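These are the residues of each chain, in order.
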Amino acid sequence: MKQLGIFVDRKTLSNAEQLNALIRCRNVVESLGHDAHFIFPVDIGKIPRMEALFIRARTDPMNITYVAARMAELHGIPVIDDPASIRICGDKINMYSQLMKKGVSLPETRFLSRSENSVERVTELFGTLGTSLILKEPSTSFSLRVEMVATIEEFFRVARRFIKLSDWIVVQQYVESRYDWRVGVLGGGTSLCL
Ligand SMILES: Nc1ncnc2c1ncn2[C@@H]1O[C@H](COP(=O)(O)OP(=O)(O)O)[C@@H](O)[C@H]1O
Ligand SMILES: [Mg+2]
């Protein structure tokens, strides 16, 4: 019998869908003969007593979920999401740079710095990436700061907002998709696609 910690916060539990998923997860863990413990931020000190940790709260290198992931890592406890993934994926400039370096195919992507935000550069981006562009503020999650723009005016309107939050913005080719794919990577290899 193993002890699985599920790190949650109030926000996760206030969503009925998430709560049901967590209860199903706990039932599956128990049906496999293990124990599942919901761990709240105030109980973070319980992590070293676990044998695995599953983080089900918004991961961000600047919040407590990162502390939970680091604590597990320091105690040699397998953790999802692991701290390195949180660091990389919490910043889309870092994440896309890593993907490009490893030759993973992704929509045509450019990084635009605050000083490059000129009419010439934006015109060139529309010329090379297409008539609709996707702009992202690098720390976005849950699609919060991901917007599509189709004109130079729209581009500047969105970019001005994003540039207030970050020195860089991500500009991407628009790729139409009828299904929002999720790809998971475990242990650097095994992947799941849903
Ligand atoms: N290049 C793109 N072309 C078309 N749709 C996109 C593109 N990038 C993102 N999207 C849409 O926007 C959503 C949010 O983008 P994503 O990069 O996952 O940011 P976030 O981390 O904020 O969720 C995606 O799930 C997808 O539906
Ligand atoms: Mg997303």
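Parameters and conventions
The written sequence of each chain sets the order in which its residues are numbered from 1. To read the labels, note that chains go from A and ligands from 1, taken in the order they are written. Only residues with pLDDT of 70 or above have their local features reported here, since the model is predicted, and side-chain atom pairs are shown and tallied only from 80 upward, although totals for entire chains, interfaces and linings are computed over all residues. Strands are treated as partners if at least two bridges between them are detected by DSSP. What counts as a helix is a DSSP run of H or I of at least four residues, what counts as a strand is a run of E of at least two, and both are numbered from the N terminus. To define axes, lines are fitted to C-alpha atoms, for helices over the stretch in contact only, and angles between the resulting N-to-C directions are given on a 0 to 180 degree scale. Three exposure classes are used, based on other C-beta atoms lying within 10 Å of a residue's own C-beta, which is placed from the backbone: buried for 20 or more, exposed for 12 or fewer, and partly exposed in between. Summarising the geometry, the arc corresponds to the directions from the helix axis toward the C-beta atoms. For the purpose of contact definition, each residue receives a C-beta atom placed from its backbone, and two residues are in contact when these atoms lie within 7 Å. To decide nearness, the C-beta atom of each residue is placed from the backbone, and the residue is near a molecule or strand if that atom lies within 6 Å of it. Residues are grouped as follows: nonpolar covers Ala, Val, Leu, Ile, Met, Phe, Trp, Tyr, Cys and Pro; charged covers Asp, Glu, Lys and Arg; every other residue, Gly included, is treated as polar. Throughout the structure description, domain borders are defined by an automatic or database domain assignment.

Caption draft 1: Structural detail: the sheet that holds strand β8 (residues 168-173). Reading across the sheet, the four strands line up as β5-β8-β6-β7 and stay open at both edges, with antiparallel pairing between neighbours. Unpaired on one side and paired on the other, β5 (109-113) and β7 (146-149) mark the two borders of the sheet. For this sheet, the mean inter-axis angle between neighbouring strands, taken without regard to orientation, is 30°. Inspection of the sheet shows strand β6 (residues 133-136) paired to β8 by four bridges, in the antiparallel sense. Bridge pairing links L133 to Q173 in β8.

Caption draft 2: Main features of the pairing of strand β10 (residues 190-193). With four bridges connecting them, strand β9 (residues 183-186) and β10 associate as antiparallel partners. For V185, the partnering residue across the bridge sits in β10 and is S191. Between β9 and β10, which pair antiparallel and follow one another directly, the connecting turn spans three residues, one of which, G187, has a positive phi of 55°.

Caption draft 3: Up close: helix α3 (residues 64-74). Of the residues making up α3, those classed as buried are T65, A68, A69, M71 and A72. Viewed end-on, α3 has its buried residues packed into an arc of 160°, placing them on one side of the element. Buried residues in α3 make contact with β1 (3-8), β3 (52-56), β4 (79-80) and α4 (83-89).

Caption draft 4: Spatial organisation of the site of ligand 1. Near ligand 1, the surroundings consist of 14 residues, among which P107, T140, S143, Q172 and V175 are the closest. Where the shell around ligand 1 is concerned, the elements lending two or more residues are β6 and β8. Residues of the shell around ligand 1, tallied by class, amount to seven nonpolar, five polar and two charged.

Caption draft 5: Just the domain arrangement of the protein chain, in detail. When its domains are assigned, the protein chain resolves into domain 1 (3-89) and domain 2 (109-173). Centre-to-centre, using C-alpha coordinates, domain 1 lies 34 Å away from domain 2.

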